[in-house]
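# Working through the structure, step by step
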Amino acid sequence: VTLLRLGLVGAGAVAELHAAAALAMPEQFTVAAVVDPRPDVAQRLADTCAAPSFRDHRELASSGLVDAVVVASPHTLHCSQTVDLVSDGLSVLVEKPMALTTADCDIMLDAARRHGVILAVSHLQRHLPTVSATGRLLREGAVGQPRIILERRTARYETGTRPDWFLDPHSGSGGILINLGPHCVDKLIQLTASQVSQVASAWVSGVGVVTEVAAMLAFDRGVRANVVLTGTGLPAAEVTEVVGTEGALRLSDSHGVEVFANGQVVHQVPRGAGDVDLAFRTQLKEFHDAVVTGTNTAVDGLYGRDVVHALECIAAAADRETVAQPRGNE
Ligand SMILES: NC(=O)c1ccc[n+]([C@@H]2O[C@H](COP(=O)([O-])OP(=O)(O)OC[C@H]3O[C@@H](n4cnc5c(N)ncnc54)[C@H](O)[C@@H]3O)[C@@H](O)[C@H]2O)c1
């Protein structure tokens, strides 16, 4: 086993999960440095890893202390920081969304290719035991031929409910669509084993940033997915329903996986308390192996770009619907 010296860029909520995953795999990783412009935040996470801290990712890149980096900063920084880091020969696991646009994804992909390093994206869904179990059940025909998927997520997007940058029109650009949309698209790709082939319709709303989204997506074999994300009022929750020709399945953060026939639950896969931590460890282990062998993970920059492309198509479809609205009594 090759020990990788890992750097963390951004020391916020998700960086703590990556740090915990790395600390749980001492044969694969040592957390060798932490970066955050907020010195107290950087120092707190650095202390738990017994690592030095920096204020800027370029200091980390030139320090020679790390082999690979997790970029877990606000979305708007993912592209520029990844390009800087891969250009210094460091492999990167960048948080979702890979970037705000496919044009930026292309710049990142090109930089990683030119410098011969691994670029992976933190799309966790396939590593969550309930999501992978759902994919397996669907492939085994548990609901017959899937016809429609309802993907419903709620999150708190009122002022003061999350770090300010998420609600800032510049740094939080795209709001709930660019923040939770990647999880939904990633999950739907896993469950349908296909890409989004068309955005049939989409609508977004919000003051400052997008806080509400409704979109109808088409996948291969005629499967449709109705995605509804809302950020106002309701507590955070997540439910996916797959209705097929012979039954239905519900995947939720409260009940795990439930397969239904004739109105009754006929099969269950409960959610485990440690599922999310396990998913972060599995992801980091795959990143480790990719860096050591030089062979990318399935969730590479091209996969991250596909997800960003789907989100761009949703935003474009929502713009078209806004333009098509009646102009009123002018
Ligand atoms: N894969 C997942 O399940 C998952 C979960 C949560 C968040 N995320 C993603 O991770 C990213 C961070 O989200 P979060 O919830 O941890 O946010 P957060 O606000 O808790 O953390 C972000 C951190 O980045 C720091 N930062 C700001 N500018 C920086 C810079 N120039 N260099 C380095 N650090 C900088 C902030 O000070 C903050 O500490 C987002 O892109 C989000 O979409 C992914």
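Shown above is the structure to which this text applies.
Please read all numbers here as calculations on a predicted model, not as lab measurements.

Rules used in this analysis
- Residues numbered from 1 in each chain as written.
- Predicted model: local features only at pLDDT ≥ 70, side-chain atom pairs only at ≥ 80, totals over all residues.
- Heavy atoms only, no water.
- Buried < 20%, exposed > 50% of the residue type's maximum accessible area, 1.4 Å probe, protein only.
- Helix = DSSP H or I, 4+ residues; strand = E, 2+ residues; numbered from the N terminus.
- Pairing = 2+ DSSP bridges.
- Right-handed = clockwise from strand over helix to strand, strands pointing away.
- Near = heavy atom within 4 Å.
- Polar contact = N/O pair within 3.5 Å; in protein donor to acceptor, adjacent residues only side chain to side chain.
- Areas by Shrake-Rupley, 256 points an atom, 1.4 Å probe, with all protein chains shown as cover.
- Nonpolar A, V, L, I, M, F, W, Y, C, P; charged D, E, K, R; others polar.
- Disulfide = S-S within 2.5 Å.
- Salt bridge = Lys/Arg side-chain N within 4 Å of Asp/Glu carboxyl O.
- Contact = heavy atoms within 4.5 Å.
- 1 Å grid on protein atoms, 1.4 Å probe; cavity = no way out; pocket = protein on both sides within 12 Å on 5 of 7 lines; lining within 4 Å.
- Points joined across faces, edges and corners; volume = space filled by probe spheres on them.
- Phe/Tyr/Trp six-rings, centres within 6.5 Å; stacked < 30°, edge-to-face > 60°.
- Lys NZ or Arg CZ within 6 Å of the ring centre and 35° of its normal.
- Core = buried A, V, L, I, M, F, W, Y, C linked by side-chain atoms within 4.5 Å.

Within strand E2 (residues 29-35), six of the seven residues are buried, which leaves it mostly tucked inside the rest of the structure. Strand direction decides the pairing type here: strand E1 (residues 4-9) and E2, joined by six bridges, are parallel. Bridging from a neighbouring strand, Val-9 pairs with Val-35 of E2. Note that the unit made of E1, helix H1 (residues 13-23) and E2 has a crossover that is right-handed. Looking at chain direction, E2 and strand E3 (residues 53-54) are connected through two bridges and run parallel.

Another aspect to go through is the site of the ligand. Close to the ligand lie 26 residues, the nearest being Asp-36, Arg-38, His-75, Lys-96 and Trp-165. Residue Asp-36 places a side-chain N or O atom 2.6 Å away from an oxygen atom belonging to the ligand. Residue His-75 places a side-chain N or O atom 2.8 Å away from an oxygen atom belonging to the ligand. Taking 840 Å² as the accessible area of the ligand by itself, protein coverage stands at 84%. Elements represented by at least two residues in the shell around the ligand include exactly H1, helix H4 (78-87) and helix H7 (175-192). Residue composition of the shell around the ligand, by class: 13 nonpolar, nine polar and four charged.

With that out of the way, let us pick up the state of the cysteines. All chains considered together, the criterion is met by zero disulfides. Free of any disulfide, Cys-313 has its nearest neighbouring cysteine sulfur in Cys-105, separated by 12 Å.

Our next topic: the pattern of salt bridges. Counting across every chain of the model gives 11 salt bridges. For Glu-151, the salt bridge is made with Lys-187, and the minimal N-O distance between the two is 3.3 Å. Of this pair, Glu-151 sits in strand E7 (residues 146-154) while Lys-187 sits in helix H7; the two residues are 36 residues apart in sequence, bridging distant segments of the chain. Across this residue pair, the class does not change: Glu-151 and Lys-187 are buried. The partner of Glu-238 in a salt bridge is Lys-187, with the nearest N and O atoms 2.9 Å apart. Taken as a pair, Glu-238 in strand E11 (residues 237-244) and Lys-187 in helix H7 lie far apart in primary sequence, 51 residues in all. Each of Glu-151, Arg-153, Lys-187 and Glu-238 takes part in salt bridges that share partners, so that together they form one network.

What follows concerns the pairing of strand E10 (residues 224-230). As judged from the seven bridges shared by E7 and E10, these two strands associate in the parallel manner. Among the inter-strand pairings, Ile-148 is bridged to a residue of E10, identified as Arg-224. Of the pairings in the sheet, the one linking strand E9 (residues 212-218) to E10 comprises seven bridges and is antiparallel in character. Across the sheet, Ala-215 pairs through a bridge with Val-227, a residue of E10. Between E9 and E10, which follow one another and run antiparallel, lie five residues, and Arg-221 among them has a positive phi close to 60°.

Turning our attention to the side chain of His-18. Along the polypeptide, His-18 turns up in helix H1. Contact partners of His-18, with chain neighbours within four places excluded, come to Leu-8, Val-70, Leu-93, Glu-95, Ser-122, Phe-280, Gln-283 and Leu-284.

For the rest of this paragraph, the subject is the layout of surface pockets. Take a probe with the size of a water molecule and roll it over the atoms, and the empty space left behind shows itself. Considering only enclosed or pocket space, the second largest pocket measures out at about 280 Å³ in volume. Gly-174, Leu-177, Val-210, Leu-311 and Ala-315 are, among the 15 residues lining the second largest pocket, the residues nearest its centre. Secondary structure elements with two or more residues in the lining of the second largest pocket: H7, strand E8 (198-205) and helix H9 (301-323). Broken down by element, the residue count for the lining of the second largest pocket peaks at six residues, all from H9. Residue composition of the lining of the second largest pocket, by class: nine nonpolar, four polar and two charged.

Next up on the list: the sheet that holds strand E6 (residues 119-122). The six strands are arranged E3-E2-E1-E4-E5-E6 in an open sheet whose pairing can be described as parallel. What marks the edges here is a single partner per strand, and that holds for E3 and E6. The pairing of strand E4 (residues 68-71) with strand E5 (residues 91-95) spans four bridges and is classified as parallel. Residue Val-71 lies in a different strand from E5, and its bridge partner there is Val-94.

Now for the packing of aromatic side chains. Here the distance between the centres and the angle between the planes together describe a pair of aromatic rings. According to the stated counting rule, one finds one aromatic pair in the structure shown. The side chain of Arg-126 reaches across the aromatic face of Tyr-303, ending 5.1 Å from its centre. The ring of Phe-166 carries Arg-162 above its face, with NZ or CZ at 5.0 Å from the centroid.

Proteins that are soluble and globular tend to have nonpolar side chains buried together. Within the largest apolar cluster, 102 residues are counted, with the highest numbers of intra-cluster contacts made by Leu-6, Leu-60, Leu-85, Met-98, Leu-217, Leu-284 and Phe-287. For this core, the element with the highest residue contribution is H7, accounting for nine residues. Sequence-distant contacts of Leu-60, defined by excluding residues within four places in its chain, comprise Val-9, Ala-33, Val-35, Phe-54, Val-66, Val-69 and Leu-85.

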